[in-house]
Amino acid sequence: MRIDDFLETATTETDADRLWTAAVDWLSYQGFDKVLHLSISDGTVRARTTLGTDFEQYYNAEGLARHDPFPKYCLTAPGPVSTGIDYLSEYDYLQPEERRVITAAADADFRAGF
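Since this is a predicted model, take the numbers as computed values, not measurements.

Chemist: So, unusual backbone geometry: which residues are in play, and what are the values?
Modeler: The backbone of D109 sits at a positive phi, close to 70°, despite the residue not being glycine. Residue position: D109 is located in the segment after α5 (96–107).

This is the structure:
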């Protein structure tokens, strides 16, 4: 999928499921084998992921959104931030609950991202 095709879909698609599929397809074409999308609305974090139903259910059931370090540290950074278990040793400031989110993602084969 060309970037122009993806951008056209991203700016015109109104169905969330079809937009998600287009995004995952384009990212897969770019070499990303795992996708985790967080949306935040009214202080509520929702996850949509290709990490599998088990991870998504676990993430939601365990309330991991309350402790997910990605919105707190990555979305507020002025540039890309390397994330995942492969970089966990670089972030000694993370709390145990935040580390648990990263470990849970690693158990679902999500090792690194940005």
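Back to the text.
Chemist: Outline the pattern of salt bridges, supporting the account with residue identities and numerical values.
Modeler: Note that side chains of opposite charge can pair when their charged atoms are close. Inspection of the entire model under this criterion finds seven salt bridges. In this structure, R2 engages D4 in a salt bridge whose closest nitrogen and oxygen atoms are separated by 3.9 Å. Looking at R2, the relative accessible area reads 52%, which means it is exposed. Taking the relative accessible area as the measure of exposure, D4 reaches 48% and is therefore partly exposed. Two residues, D86 and R111, come together in a salt bridge whose shortest N-O distance is 2.6 Å. Note that D86 is positioned in the loop between α4 (69–74) and α5 and R111 in the segment after α5, a separation of 25 residues in sequence. A relative accessible area of 41% means that D86 is categorised as partly exposed. Salt bridges sharing common partners tie together R2, D4 and D5.

Chemist: I'd like a description of the packing of aromatic side chains, backed by residues and values.
Modeler: One pass over the structure, following the stated rule, counts five aromatic pairs. Taking 5.8 Å as the distance between ring centres and 70° as the angle between the ring planes, the aromatic pair formed by Y91 and Y93 counts as edge-to-face. Members of the aromatic cluster, connected to one another through ring pairs, are Y73, Y91 and Y93.

Definitions and cut-offs
- Sequence order as written defines the numbering, with residues in each chain counted from 1.
- pLDDT decides what is reported in this predicted model: residues at 70 or higher carry local features, side-chain atom pairs at 80 or more are listed and counted, and totals for whole chains, interfaces and linings draw on all residues regardless.
- Hydrogens and water are ignored here; the side-chain numbers use all heavy atoms of the structure.
- The helix and strand labels rest on DSSP assignments: H or I over at least four residues marks a helix, E over at least two residues marks a strand, and numbering proceeds from the N terminus.
- Basic side-chain nitrogens of Lys or Arg form a salt bridge, by our definition, when they fall within 4 Å of a carboxyl oxygen of Asp or Glu.
- Note on exposure labels: buried denotes an accessible area under 20% of the residue type's maximum, exposed denotes more than 50%, and partly exposed covers the range between, all computed with a 1.4 Å probe on protein chains only.
- Two aromatic rings, drawn from Phe, Tyr or Trp (for Trp, its six-membered ring), form a pair once their centres lie within 6.5 Å of each other, and the interplanar angle then sorts them: stacked below 30 degrees, edge-to-face above 60, tilted otherwise.

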